[in-house]
Number of protein chains: 2
Amino acid sequence: MTIASEAVSGAAAAVVESGQEATLSVFQYLLVYNAFSFTFATMAAATLFLWFGRSQVAPAYRTALTISGLVTFIAAYHYWRIFESWENAYSLQDGVLTVTGYAFNNAYRYVDWLLTVPLLLIELVLVMRLSQKETTSKALTLGFAAALMIVLGYPGEIAEDNATRALWGTLSTIPFLYIVWQLFVGLGKSIESQPENVRGLIKQARLLTFASWGFYPIVYMIPYTNLSGGAVQTGIEVGYTIADIVAKAGLGILIYLIAVRKSQAEYGEPARA
Amino acid sequence: MTIASEAVSGAAAAVVESGQEATLSVFQYLLVYNAFSFTFATMAAATLFLWFGRSQVAPAYRTALTISGLVTFIAAYHYWRIFESWENAYSLQDGVLTVTGYAFNNAYRYVDWLLTVPLLLIELVLVMRLSQKETTSKALTLGFAAALMIVLGYPGEIAEDNATRALWGTLSTIPFLYIVWQLFVGLGKSIESQPENVRGLIKQARLLTFASWGFYPIVYMIPYTNLSGGAVQTGIEVGYTIADIVAKAGLGILIYLIAVRKSQAEYGEPARA
């Protein structure tokens, strides 16, 4: 196995030499396979739900729903690709799982996050409907911090040793902490000026963002455990998948509910969540 | 055949060893093949019908139609995948049906149900247009019970012996009975407060849900019969397929009719079913 192929498939990846039996069990392989397919379906359904919802909110909140739907749309695209890459990396025939030699491309996740994570913060800012100036400045600083967090995390994800993984993981935590501080202190005052019937929902959205984003570093640290190679890889893929569903589709639903309630409060729209 | 592959393809599945003649007859294979293709077309058509219908109902009922269409959209996606998996699992050449060794992935059904079954109950709750509070609580409790029912059913579906199948099947029946109780007792009072011209339709929708969902356990129990392996697998696939069409596309049409009539009654909308 070359260093290059190991770098691509990640520290926890199975040995990639064509025809060899995989370090993953058949059950682990299929669990990840079905999780990827499930997530594609969930993200695609969430996208359509959010975009259809645009006609049910006041114009001021439509951009928030457009962007929420873009996030799940981009995620749906990447889960489709990840699913195909996973399928191509293994061959399951006669009940035996072998590696085909084609590396599983886990860079799709980081490419996805580079696009979607800044957008997730922007949808949260947009649904709050702050002043134009504040919206622009918050969207820019939070979006930049989010992109930096992803860029710093990637070298660690593909590192072969856990020390390098820890170094980049720690660097990535700095912008993450800045985002958390902004969400809880910087946006705290703006939340208090929101209509009463959505204040709770906005706090839930903030908490969901914090909790689901906090789950990613936990998954990132799975290689430090004593688990076997197959269990590590399964844990990483399924873990990131669950975190993605909560952070993207889950947040999208909350943004939709906030947008509907704010429309009702401000314009007396007859739409119902 | 290894235990793992048997677990994957299900208790009733054909032996998966490449090149062997299938336990299914050519007729049985083609019946399932065409049933899957038929169901993809039905679900895709129902999706478009329901989404086009959004513009013909009052805004308050659009979410019910959006979600009804999402259910059939998700089902269409999964029938596409199931069809491809079925095609890959067998080879029909020169009139002889052999197995390719690639296992048929019947997990797609459960992955589909995990998403769609909670949504089916939510569309039923949404079209009733209860208070915001009641809508949220009913949607959450019924949705959770539905997801639990699916999760408990799956270990039985892939079990190799009928005792394990019966155990998980029985556990899965507990949330099912809770849902039935909620539909007939919990929602009973709300149905009486619906406009007179839709009360009958809502009761029909409830009955259709009860009857079609009650059909799934019957299909689940096919392996207990004295039928041969091929007949069992054909019965399961065709049985679940019929149940899916009734429960998803059939319910969707009823939801559409209810939404149109309620719009007319409440807003005098000119739309016609």
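Definitions and limits used
- Residues numbered from 1 in each chain as written.
- Chains lettered and ligands numbered in written order.
- Predicted model: local features only at pLDDT ≥ 70, side-chain atom pairs only at ≥ 80, totals over all residues.
- Heavy atoms only, no water.
- Phe/Tyr/Trp six-rings, centres within 6.5 Å; stacked < 30°, edge-to-face > 60°.
- Helix = DSSP H or I, 4+ residues; strand = E, 2+ residues; numbered from the N terminus.
- Lys NZ or Arg CZ within 6 Å of the ring centre and 35° of its normal.
- Expected span 1.5 Å × (residues − 1).
- Buried < 20%, exposed > 50% of the residue type's maximum accessible area, 1.4 Å probe, protein only.
- Contact = heavy atoms within 4.5 Å.
- Core = buried A, V, L, I, M, F, W, Y, C linked by side-chain atoms within 4.5 Å.
- Buried area = accessible area lost by both parts, 1.4 Å probe.
- Salt bridge = Lys/Arg side-chain N within 4 Å of Asp/Glu carboxyl O.
- Polar contact = N/O pair within 3.5 Å; in protein donor to acceptor, adjacent residues only side chain to side chain.
- Nonpolar A, V, L, I, M, F, W, Y, C, P; charged D, E, K, R; others polar.
- Patch = residues over 30% accessible without salt bridge, like charges linked within 9 Å, V, L, I, M, F, W, Y side chains within 5 Å.
- Areas by Shrake-Rupley, 256 points an atom, 1.4 Å probe, with all protein chains shown as cover.
- Lys, Arg positive; Asp, Glu negative; His and termini not counted.
- Charge placed at Lys NZ, Arg CZ, Asp CG, Glu CD.
- pLDDT = per-residue confidence, 0-100.
- Pairing = 2+ DSSP bridges.

Asks: A description of the packing of aromatic side chains should follow, citing residues and the corresponding values.
Replies: Taken as a whole and assessed by the stated rule, the structure comprises 41 aromatic pairs over all chains. Note on Y178(B) and W181(B): the rings are 6.1 Å apart at their centroids and 40 degrees apart in plane angle, and the pair reads as tilted. In this pair, Y178(B) and W181(B) are both assigned in helix α6 (residues 162-186), three residues apart and thus about one turn of the helix distant. Each residue in the set Y29(A), Y33(A), F36(A), Y79(A), F83(A), W86(A), Y90(A), F104(A) and Y108(B) is aromatic and connected to the rest through ring pairs, giving one cluster. When the ring centre of Y220(B) is taken as origin, the NZ or CZ atom of R165(B), which lies over that ring, is 4.6 Å away.

Asks: Any chance you could break down helix α8 (residues 196-220) of chain A for me, citing the residues and the numbers?
Replies: Residues and elements named next belong to chain A. Compared with the 36 Å implied by 1.5 Å per residue over 25 residues, the 38 Å span of α8 between its first and last C-alpha is a close match. When we look at burial in α8, the residues that qualify are V198, L201, I202, A205, R206, L208, T209, S212, W213, Y216, V219 and Y220. Buried-residue contacts for α8 involve α4 (107-128), α5 (132-157), α6 (162-186), α7 (188-192) and α9 (229-267).

Asks: Please give an account of the nonpolar core that cites residues and values.
Replies: Ranked by size, the top nonpolar core spans 157 residues in total, and within it W86(A), Y90(A), I179(A), W213(A), Y90(B), I179(B) and W213(B) carry the most contacts. Setting aside its immediate chain neighbours within four residues, W213(A) contacts V117(A), L120(A), L121(A), M149(A), F176(A), I179(A), L208(A) and A247(A).

Asks: Go over the interface of chain B and chain A, please, and point to the residues and values.
Replies: Between chain B and chain A, the contact holds 34 residues from the first and 29 residues from the second. The contact between chain B and chain A buries some 2800 Å² in all, and 61% of this surface belongs to carbon and sulfur atoms. Counting across the interface, chain B meets chain A through zero salt bridges. Run the count over chain B and chain A and you get 11 residue pairs in polar contact (both at pLDDT 80 or more). Looking at the side of chain B that touches chain A, the elements that each hand over two or more residues are α1 (3-9), α3 (62-89) and α4 (107-128) of chain B. Residues of the side of chain B that touches chain A, tallied by class, amount to 18 nonpolar, 11 polar and five charged.

Asks: Please provide a residue-by-residue account of a negative patch on the surface, values included.
Replies: Judged by side-chain charge, E84(A), E87(A), E84(B) and E87(B) come together as a negatively charged surface patch. For the negative patch, the secondary structure elements donating two or more residues are α3 (62-89) of chain A together with α3 of chain B. For E87(B), the location among the structural elements is in helix α3.

Asks: Tell me what's going on with the confidence of the model for chain A, and back it up with residues and numbers.
Replies: Residues and elements named next belong to chain A. In this model, chain A carries a mean pLDDT of 88, and residues with pLDDT of at least 70 account for 92%. For the stretch residues 1-15, pLDDT sits under 50, and the model shows 29 contacts to residues farther than four places along the chain or on other chains. Here the predicted complex carries an ipTM of 0.87, next to a pTM of 0.88.

Asks: Please provide a residue-by-residue account of the pattern of salt bridges, values included.
Replies: Tallied over the full model, the rule gives 14 salt bridges over all chains. The partner of E237(A) in a salt bridge is R109(A), with the nearest N and O atoms 2.8 Å apart. Here R109(A) lies in helix α4 and E237(A) lies in helix α9, a separation of 128 residues in the sequence. Of the charged contacts in the structure, one is a salt bridge between R129(B) and E266(B), with a shortest N-O distance of 2.8 Å. Within this pair, whereas R129(B) is found in the loop between α4 and α5 (132-157), its partner E266(B) is found in helix α9 (residues 229-267), the two being separated by 137 residues in sequence. With relative accessibility at 26%, the residue R129(B) sits in the partly exposed group. Assessed through its relative accessible area of 35%, E266(B) is described here as partly exposed. Members of the salt-bridge network, linked through shared partners, are R109(A), D112(A), E237(A), D244(A) and K248(A).

Asks: Describe a nonpolar patch on the surface, naming the residues involved and giving the relevant values.
Replies: All names here are of chain A. Together, Y178, W181, F184, V185, L207 and F210 line one region of the surface with nonpolar side chains, adding up to about 560 Å² of accessible area. Looking at which element gives the most residues to the nonpolar patch, the answer is α6, with four residues. Residue position: L207 is located in helix α8.

Asks: Quick rundown of the pairing of strand β1 (residues 90-93) of chain B? Include the residues and the values.
Replies: All names here are of chain B. Here four bridges tie β1 to strand β2 (residues 96-99), and the two strands are oriented antiparallel to one another. If you follow L92 over to β2, its bridge partner there is L97. The hairpin turn running from β1 into β2, its antiparallel successor, is two residues long, and D94 in that turn takes a positive phi close to 55 degrees.

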